[in-house]
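Per-entry structural report
Residues per chain, in single letters:
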Amino acid sequence: MVDVLIASAQYFLHTEFLIGLVVGTLAGLVLGVIPGIGSFVGLALALSFAFVSTPELMLPLMVALSGAVFTGGSITAVLLNLPGTEANAATLMDGFPMAQKGQAGRALGAAVTASAWGGILSAFLALAAVPLILPLVFSIHAAEMVCLIVLGLSFLAVLSRESMLKGLISGGLGLMISLIGFQANTGLARFTFGSLYLYDGIGLVPMALGLFALPEMIALGMQGGAGTIASQGDTRIKRTGEVLEGVRDVYRHWRVTLSGSIIGFFVGVVPGIGALTAMFVSYGHAKQTARHPEKFGTGAVEGVLAAESANNASQAGALLTSLAFGIPGSAGMALLLAAIVLLGLVPGPEMLTRHLSLSIALVWTLIASNIVAALIILPSTRFLAKVALVPSRVLVPVVVVISFVGCYAFREEFNDVLVALLITVVGLVMRNFGYNRPALLLGFVLGTLFEQQFYLAYAIDGPLFFSRPGSLLILSFLAALYAWHPLKRLVTRKVTGRVSGP
Amino acid sequence: MKRGAESWIYLAIVGLCLVFGLLALQMEQWKARLLPVLLSSAVLLLALAGLCKEYLAASRGGAPASARSGELGGYLVSGAWVFGFVVLVYFGGFLPGIIVYCFSYAKVHGASWARALLLAVSVSLSVYLVFEVLLGVKLYGGLGAP
């Protein structure tokens, strides 16, 4: 293990890796600051550069971006009462009241430092968990892999905020779309209608950009030219000492930061649910265990600490699940898995066996990006808050242009631009009617692997491959997952009936 | 109306799954058709369940259908800009398309002439420098390009 740790640390001597780390952190901060953009658009845009990239550049860039985006999002949550990303929603509950009381600098200092600590502590937890997970990873065969992919899709579908039915449909559609094109098993071209373009299947880049970046830009464009966010925010910080006061708050309330980090990590490990859930669980826990819970929501610094430490901490947990099992710990990690596939790697156990040192280096990247983000953000908060005021008449054309050029550049194929346009329509419909876009993308990304493993399992263990002990264990998790909501509803109904009964 | 639209979407998914499944059934090798048939059947059942849920809710007089025509109009206008950009690129190529799109988008949405022009020139210049010069991508030159 020591050898692997040393080998993983050596990645930081590569210029490419460092560029990925710094660019990803900067992009994460800027994208986090701009409400309505968030990590999805950023990660999707980053995918469009995968064609000239290597795993050593692209993966740290994406991990650093997803690590720093919530730190950036805390700035607008505190200063402008607008969460930069959805996972900063709880931050504004106490952060903005603090700003209204003239403690904006203190709230920001607390938010940024708690974010950094959350990210760092949970990354160390992830590193400690790797040796424990490895035996589990070695025991995964094709049959278990098939069940794991189904479990991952189900987690995304069931635990997301949208309807479970629509989530499952989305995941299924993603798997179906991935079947378009040449099939390696048989040498047949499926659903190509004689088109040479479709022999290679639908491109991952047009898919990601059409599902995430372009629909968001169309929605943003509806707000008019000056849109993006309310342009009358108070971005003033009275003095630098205030920020340091916030930094000291983290150490004063170290229990809140520590528990937020641990909660964030473990919630992040659960596939399909991400920073948003982690943040609210941590906020609720901090409120329940506080000496003065009535102060929460009126400008209690503990609220900011709990929310910010948890949302950053969830990233390490999500990264661990995504790398080890190939099932995304959060919706954003579905895009990281897409990048892994694009770069010619196989998500899942192989990342913790053949590419273990790279995977560990990615966990180190989370630690580094959190430190770099805090170092950048503390002196430049005022400037970054101004970024949030970029009007949509600038933002929309820039993102639309980069999206389409990125789509084209990947294979120098204009059909990819047309496909992206078509998928944008699908993405808009899904966005508006509550379908689960990350589930569709994940189904699409894992579709080829799913089919390969499905036939491999079939060849090795026969049609009843899912009756292997490991598969049965995963399937029992799946059954519990599906039973969870109806059972919860039943229990709630019974309890409510008893309370309101005669 | 939203409820109507929800049902139409489920119907579209049902139709898609039927076509997908039927096409798969015509494939010669079982390894090529097994998974498409399984997946399309599963999604078909889910979409039918969603459709039934919609009709049950509608027959119970559930949530009132909300008029969303204003929102739809907004999406159409905003989407038309994106569509227009692709049309521009298709005929004229990326660089002229970017200049016209960025300039007109910024101008129509309230930017001054100078700022709109600055945006158009800076975006197209950045795309040229990053993609053509730095990354060596031959950007699409439009229908008339050799």
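Cut-offs used in this document
- Residues numbered from 1 in each chain as written.
- Chains lettered and ligands numbered in written order.
- Predicted model: local features only at pLDDT ≥ 70, side-chain atom pairs only at ≥ 80, totals over all residues.
- Heavy atoms only, no water.
- Helix = DSSP H or I, 4+ residues; strand = E, 2+ residues; numbered from the N terminus.
- Rg over C-alpha atoms; globule rule 2.2 N^0.38 Å.
- Buried < 20%, exposed > 50% of the residue type's maximum accessible area, 1.4 Å probe, protein only.
- Contact = heavy atoms within 4.5 Å.
- Areas by Shrake-Rupley, 256 points an atom, 1.4 Å probe, with all protein chains shown as cover.
- pLDDT = per-residue confidence, 0-100.
- Axes fitted to C-alpha atoms, helices over the stretch in contact; angles between N-to-C directions.
- Parallel < 35°, antiparallel > 145°, perpendicular 65-115°, else oblique.
- Left-handed = near helix turned anticlockwise from the far one by under 90°.
- Buried area = accessible area lost by both parts, 1.4 Å probe.
- Salt bridge = Lys/Arg side-chain N within 4 Å of Asp/Glu carboxyl O.
- Polar contact = N/O pair within 3.5 Å; in protein donor to acceptor, adjacent residues only side chain to side chain.
- Nonpolar A, V, L, I, M, F, W, Y, C, P; charged D, E, K, R; others polar.
- Expected span 1.5 Å × (residues − 1).
- Bend = angle between axes of the 7 residues up to and from the residue.
- Patch = residues over 30% accessible without salt bridge, like charges linked within 9 Å, V, L, I, M, F, W, Y side chains within 5 Å.
- Core = buried A, V, L, I, M, F, W, Y, C linked by side-chain atoms within 4.5 Å.
- Phe/Tyr/Trp six-rings, centres within 6.5 Å; stacked < 30°, edge-to-face > 60°.

What about the overall build of chain B?
- Looking only at helices and strands, one finds five helices and zero strands in chain B.
- From first element to last, N terminus to C terminus, chain B shows the α and β order α-α-α-α-α.
- Relative to the 2.2 N^0.38 estimate, which gives 15 Å for 146 residues, the radius of gyration of chain B is 24 Å and therefore markedly larger than a compact globule would have.
- Taken along the three principal axes of its C-alpha coordinates, chain B extends 55 × 50 × 25 Å.

With respect to the overall build of chain A
- From N to C terminus, chain A includes 19 helices and two strands.
- On C-alpha atoms alone, chain A measures out to a radius of gyration of 22 Å, which is about the 23 Å that the 2.2 N^0.38 rule sets for 502 residues.
- The C-alpha extent of chain A, read off along each of the three principal axes, is 70 × 60 × 60 Å.
- Evaluated residue by residue, chain A yields a buried proportion of 62% over its 502 residues.
- Excluding contacts between residues fewer than 6 apart, the proportion of contacts in chain A whose partners are at least 24 apart in sequence is 81%.
- Carbon together with sulfur atoms contributes 67% to the accessible area of chain A, which is approximately 18,700 Å² in total.

Thoughts on the confidence of the model for chain A
Residue and element names in this part refer to chain A.
- Residues at a pLDDT of 70 or more form 90% of chain A, whose mean pLDDT is 82.
- Summarising per-element confidence for chain A, the mean pLDDT is lowest in helix 3 (residues 38–47) (76) and highest in helix 17 (residues 414–432) (93).
- The low-confidence segment residues 228–233 (pLDDT under 50) makes 18 contacts with residues lying over four places distant or belonging to another chain.

Description of the packing of helix 14 (residues 333–342) of chain A against helix 18 (residues 437–461) of chain A
Residues and elements named next belong to chain A.
- As a packed pair, helix 14 and helix 18 sit with axes 9 Å apart at the nearest point and diverge in direction by 20 degrees. If you check the angle between helix 14 and helix 18, you find them roughly parallel. The hand of the helix 14/helix 18 crossing is left-handed. From helix 14, Ala-334, Leu-335, Leu-337, Ala-338 and Val-341 reach across to helix 18, where they touch Pro-438, Leu-441, Leu-442 and Val-445.

Some details on the interface of chain B and chain A
- Taken together, the contact between chain B and chain A spans 59 residues of the former and 54 residues of the latter.
- Summed over both sides, the interface of chain B with chain A buries roughly 5,000 Å², with 82% coming from carbon and sulfur.
- Contact with chain A buries area across many residues of chain B, yet Phe20(B), Leu35(B) and Tyr75(B) alone supply 13% of it, more than any other trio.
- Linking chain B with chain A are one salt bridge, by the criterion used here.
- Here Lys166(A) ties to Glu6(B) by a salt bridge, and the two come within 2.9 Å at their closest N and O atoms.
- Counting across the interface, chain B meets chain A through eleven residue pairs in polar contact (both at pLDDT 80 or more).
- If you list the elements that add at least two residues to the side of chain B that touches chain A, you get helix 1 (2–25), helix 2 (30–59), helix 3 (69–92), helix 4 (94–108) and helix 5 (113–134) of chain B.
- Considering every element that reaches the side of chain B that touches chain A, the biggest residue donor is helix 2 of chain B, with 14 residues.
- By residue class, the composition of the side of chain B that touches chain A is 44 nonpolar, nine polar and six charged.

Description of the environment of Ala32(B)
- Summarising the element assignment, Ala32(B) is placed in helix 2.
- For the pair Ala32(B) and Ala42(B), spaced ten residues apart in the sequence, the C-alpha separation amounts to 17 Å.

Quick notes on helix 4 (residues 55–80) of chain A
All names here are of chain A.
- Under the 1.5 Å per step criterion, the end-to-end length of helix 4 is 37 Å for 26 residues, consistent within 8% with the ideal 38 Å.
- At Ala-68, helix 4 shows its strongest bend, of approximately 30 degrees.
- The element helix 4 is largely enclosed, with a buried count of 24 among its 26 residues.
- Trailing helix 4 by a residue or two, Asn-81 shows a phi angle of about 60 degrees, which is positive.

Some thoughts on a nonpolar patch on the surface
- A contiguous nonpolar surface patch, about 540 Å² in accessible area, is contributed by Leu125(B), Tyr128(B), Leu129(B), Val130(B), Val133(B) and Leu134(B).
- Summarising the element assignment, Tyr128(B) is placed in helix 5.

Thoughts on the pattern of salt bridges
Residue and element names in this part refer to chain A.
- Enumeration over the complete set of coordinates arrives at twelve salt bridges over all chains.
- Notably, a salt bridge pairs Glu-216 with Arg-431, separated by 3.3 Å at the nearest N-O pair. Taken together, the residues Glu-216 in helix 9 (residues 204–221) and Arg-431 in helix 17 connect sequence positions 215 residues apart.
- What makes Glu-216 buried here is its relative accessible area of 15%.
- Put simply, Glu-245 and Arg-248 hold a salt bridge, and the shortest N to O gap is 3.3 Å. Here Arg-248 and Glu-245 lie together in helix 10 (residues 240–252), a separation of three residues that amounts to about one turn.

So, helix 8 (residues 164–178) of chain A
Residue and element names in this part refer to chain A.
- End to end, helix 8 covers 21 Å across 15 residues, agreeing with the expected 21 Å (1.5 Å per residue, within 8%).
- Of all 15 residues in helix 8, 13 are buried; the element is thus mostly enclosed.
- Two to three positions downstream of the cap, the backbone nitrogen of Leu-165 sits 3.3 Å from a side-chain oxygen, assigning the N-cap of helix 8 to Ser-163.

Observations regarding the nonpolar core
- Core analysis: the largest hydrophobic core is formed by 170 residues, its most contacted members being Phe404(A) and Phe94(B).
- Considering each element in turn, this core owes the most residues, 13 residues, to helix 9 of chain A.
- If we ignore the near neighbours within four places in the chain, the residues touching Phe94(B) are Phe404(A), Val405(A), Tyr408(A), Val417(A), Val89(B), Leu139(B) and Tyr140(B).
- Core analysis: the second largest hydrophobic core is formed by 35 residues, Leu79(A), Met98(A), Leu276(A) and Val301(A) among them.

Re the packing of aromatic side chains
- In total, this model carries 25 aromatic pairs over all chains according to the counting rule given.
- Geometrically, the ring pair formed by Tyr11(A) and Phe17(A) is tilted, given 5.5 Å between the ring centres and 40 degrees between the ring planes. With respect to burial, Tyr11(A) and Phe17(A) carry one shared label: buried.
- Among the aromatic residues, ring-to-ring pairing joins Phe450(A), Phe454(A), Tyr455(A), Tyr458(A), Phe465(A), Phe466(A) and Trp30(B) into one connected group.

Remarks on the confidence of the model for chain B
Residues and elements named next belong to chain B.
- Of the residues in chain B, 91% reach a pLDDT of 70 or more, and the chain-wide mean stands at 87.
- Looking over chain B, one finds the lowest element-wise mean pLDDT in helix 3, namely 88, and the highest in helix 4, namely 94.
- For this predicted complex, the interface score ipTM comes out at 0.91, while the overall pTM is 0.79.

Quick look at the side chain of Ser40(B)
- Note on placement: Ser40(B) falls in helix 2.
- Its relative accessible area of 2% is what places Ser40(B) among the buried residues.
- What Ser40(B) contacts, discounting residues up to four positions off in sequence, is Met176(A), Cys17(B), Phe20(B) and Gly21(B).

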